[in-house]
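Architecture at a glance
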Amino acid sequence: MFRNKWFILAMTFVLLFAIGGPYLVWKEKYGGGLHNKTAEAQELETVKTVKTPAEMYDVIVVGTDPEGVAGAVAASRHGLKTLLVDGRNREILGGLMTLGWLNSLDNNYDEDTYDWLSPKPNVLNKGIFQEFYNGIEGTSFDVTTAANVFNRLVAKEKHIDVLLKTQSIAPVLAEGKDGAKLVTGLDITLENGEKRTVQAKAVLDATQDADVAYAAGAPFSRGREDLNDPDSLMAVTVVFRLKNADESFWKEVRKYLENDGNDGTHADTYSAAGYGDIKDYKAQNPTRAKMRGLNIGRNNDNTILINSLQLFGVDPFNPASVKEAYAIAEQELPHVLQFIKEKHPEFVKLELDGMAPELYVRETRHLYGEYRLTAIDLLENRDQWDRIAFGSYPVDIQSTNPQDFGAVSMEPYKYAVPFRSIVPQKVDGLLVVGRSASYDTIPHGSARVIPLGMAVAESAGAAAKVAIDHNITFRELSKSKERVAEMQDLAVKKGLALAPYTPPKQPYQDHKAYPGLKAAVYTGLVNGSYGNANFKPEELDKPSNPQRFVNHFATLKKRYPQSFKGEASNAIAGMAADKAKSDPLTLQQAAYTIARSAGLMLKPEQAEAELLAKRLVKEETLKLIADKEKLSNGEAYLLVKDALESLVNLRF
């Protein structure tokens, strides 16, 4: 009898689960979610600071953005006396996350170890960022929670002094080795106007724009200068806050995004991304502002933060330009919110509740370091012998002007950031961590994200320990495999994941046109999109056309005007526009386009032979062309590669 009762209970449970389980799954996926309640809001903690710094530290970390916190904590954990100093009138830690209100994470994950069932899967680098991630709510977070987690990470370290609200910070320079400048400390003007010189054995520049390295004379490019477009910078964003975003509102947001028929949108308890139709908003100031789809993160006080308003022509180094950016945002936002409400009634009861105290600036300077991370490093998912962090986030190039929709250049499986990329040329005693490190424009679109930057900064703390212990410069460290291995071992022992790896070969790497694809990716002629869809063999094998080939060389002329002196468009001057876009690209037409782009005044039938004679096209490339009357995209890229190698002296 007793056994029968237990059997009946067990079978009842199984039956209820069989009936209710699918409903619960449906409810979570399509019915607005099972759980939409946020955590309790926290009180903002006060950061304990020193009024006056000591005269000497082992390490000074400049900048209280997340990278600065990670660098300071890492240095302290290696037993180094550390000063964490900031000059941006901040009272809390966390910078872009807590004052720029960027409260949604661009996490890097490892495809091979990703736990799809975990609400918080381990991130690629683990380490101090993982500690931070474990302390916040989820993929988006309350900014007060984040500020408190950063504060606690720093406060529990006995070797860190925090100095905030300084009026100015400048490097103290001496003559270093081999003609380099040596940073020996900082001249700091305190909040009260008092001036102090603080010596240091090592300095970590964790400012967003590498301000200390720049002031010390380290070389940088600006914007897309490596692609000969220095005036193009990714858009600046003013994150804005809406109130009255309660549980019922969030349920409707989740329900809409899970039923909109778009696999690229999503929502969970704290994050939402979608509402792509908001990009149709007509700006009041159309030359300076536009909207994209909504990236939304929740706070714990029934407010949400939205990262979507893009502003152009903003100079982050000019206070007047920054002030103007806020004025433009203030003008646009009431109209933006009205447009959102008209499109999506779930937003009707929401009201504007402020703008972030700091701008979200994606791009300014790019350091020239001992090594520059390239697009090919990401395309081939390269490991590096001196790895200090890993990245896997898509190469997200945001709009550079109102007519530009941005692009995802590629989606890497996994790539390593080398230590050499944070060691500046011409300056020693200093490392650059964060988005302004030595990354080319294209890979910067992935490497700029904060989780990767925090891992880089954590390794920089270990590097400071090794350099100090062995009385060597960071440049000397970067050239020593023994010392780099010691640095890596120290970082790993403190929790950073830095194991070497062999990247899996991607299908496009086995394609005959892969050398050409590398050239096209390096110069920004092609974007892979999510999942590298445009790099798939079937895409490389699709037919090209005369207009597309002309477009390639028009772009190359912008990149390398001294090498491509002609006008590629002359090659299709007598062709109807529709035929230029629909006719197949022949080898003769391709050769003629290259010739005109190079400034050679030839007839179409002369072009192929002349290009071969001048080595602008190689015989081995022509042998790879399957049909000279119908060139594929991949075959077109191979011809691009030959021209670049001959005229620009690039090698792929």
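If you're wondering where the values come from, they're calculated on a predicted model, not measured in any experiment.

This part is about the environment of Asp-226. Mapping Asp-226 onto the fold places it in the loop between strand E7 (220–222) and strand E8 (236–237). Owing to a relative accessible area of 25%, Asp-226 belongs among the partly exposed residues under this scheme. Taking the C-alpha atoms as reference points, Asp-226 and Gly-100, 126 residues apart in sequence, are found 28 Å from one another. Ignoring sequence-local partners within four residues, the contact set of Asp-226 consists of Arg-372, Asp-440 and Thr-441. At 2.3 Å, the side chain of Asp-226 forms a polar contact with the side chain of Thr-441.

Looking now at the packing of helix H17 (residues 587–597) against helix H18 (residues 604–613). In contact at an axis separation of 8 Å, H17 and H18 are set at 75 degrees when each is read in the N-to-C sense. The angle between H17 and H18 falls in the class roughly perpendicular. Each of Leu-587, Gln-588, Ala-591, Tyr-592, Ile-594 and Ala-595 in H17 lies in contact with H18, whose residues at this interface are Pro-604, Glu-605, Ala-607, Glu-608 and Leu-611. A class-by-class count of the residues in the contact of H17 with H18 yields 8 nonpolar, 1 polar and 2 charged.

Moving on, we come to empty space enclosed by the protein. With a probe scaled to a water molecule rolled over the atoms, the places where space remains empty come into view. By the definition in use, this model includes 2 cavities of 30 Å³ or more. Of the pockets and cavities examined, the largest cavity occupies roughly 200 Å³. For the largest cavity, the lining is made up of 22 residues, of which Glu-67, Leu-96, Arg-448, Val-449 and Ile-450 are closest to its centre. Listed by contribution, the elements that provide at least two residues to the lining of the largest cavity are helix H2 (66–77) and helix H10 (450–470). Residues of the lining of the largest cavity, tallied by class, amount to 12 nonpolar, 4 polar and 6 charged. Of the volumes computed, that of the second largest cavity is approximately 40 Å³. Along the walls of the second largest cavity sit Ala-74, Arg-77, His-78, Ile-128, Glu-458, Ala-491 and Lys-494, which together make up its complete lining. Of the residues in the lining of the second largest cavity, the class split is 3 nonpolar, 1 polar and 3 charged.

Across the two faces of strand E11 (residues 271–274) the burial is the same, with Ser-271 and Ala-273 and Ala-272 and Gly-274 all buried. By the bridge criterion, 2 bridges tie strand E10 (residues 266–267) to E11 in an arrangement that is antiparallel. Residue pairing for E11: His-266 is matched across the bridge by Ala-273. Once E10 ends, the chain turns through 3 residues before running back antiparallel as E11. When E11 meets strand E13 (residues 294–298), the two strands line up antiparallel, connected through 4 bridges. What sits directly across from Ser-271, in E13, is Gly-297.

Size it by volume and the second largest pocket reaches roughly 720 Å³. Forming the walls of the second largest pocket are 30 residues, and the residues nearest its centre are Gly-87, Arg-88, Asp-209, Asp-211 and Pro-316. Within the residue set of the lining of the second largest pocket, elements represented by two or more residues are strand E4 (168–175), helix H5 (211–216) and helix H7 (319–343). For the lining of the second largest pocket, the leading source of residues is H5, giving 3 residues. Taken together, the residues that form the lining of the second largest pocket break down as 14 nonpolar, 7 polar and 9 charged. If you count residues domain by domain, the lining of the second largest pocket takes at least three from each of domain 2 (48–225 + 362–504) and domain 3 (236–355).

Membership of the largest hydrophobic core comes to 150 residues, with the highest contact counts inside it found for Ile-60, Phe-132 and Phe-419. Of the residues forming this core, the biggest block, 13 residues, is contributed by H10. No fewer than three residues from each of domain 2 (48–225 + 362–504) and domain 4 (508–648) sit in this core. For Phe-132, the contacting residues outside a window of four places in its chain are Met-97, Leu-105, Ala-146, Val-149, Phe-150, Leu-153 and Met-454. If you look at the next biggest cluster of nonpolar residues, it comprises 37 residues, including Leu-257, Ala-267, Ile-340 and Phe-347.

Here is what the cut-offs are and how they apply
Residues numbered from 1 in each chain as written. Predicted model: local features only at pLDDT ≥ 70, side-chain atom pairs only at ≥ 80, totals over all residues. Heavy atoms only, no water. Helix = DSSP H or I, 4+ residues; strand = E, 2+ residues; numbered from the N terminus. Buried < 20%, exposed > 50% of the residue type's maximum accessible area, 1.4 Å probe, protein only. Contact = heavy atoms within 4.5 Å. Polar contact = N/O pair within 3.5 Å; in protein donor to acceptor, adjacent residues only side chain to side chain. Axes fitted to C-alpha atoms, helices over the stretch in contact; angles between N-to-C directions. Parallel < 35°, antiparallel > 145°, perpendicular 65-115°, else oblique. Nonpolar A, V, L, I, M, F, W, Y, C, P; charged D, E, K, R; others polar. 1 Å grid on protein atoms, 1.4 Å probe; cavity = no way out; pocket = protein on both sides within 12 Å on 5 of 7 lines; lining within 4 Å. Points joined across faces, edges and corners; volume = space filled by probe spheres on them. Pairing = 2+ DSSP bridges. Domains from an automatic or database assignment. Core = buried A, V, L, I, M, F, W, Y, C linked by side-chain atoms within 4.5 Å.

By themselves, these figures tell us nothing about what the structure is for.
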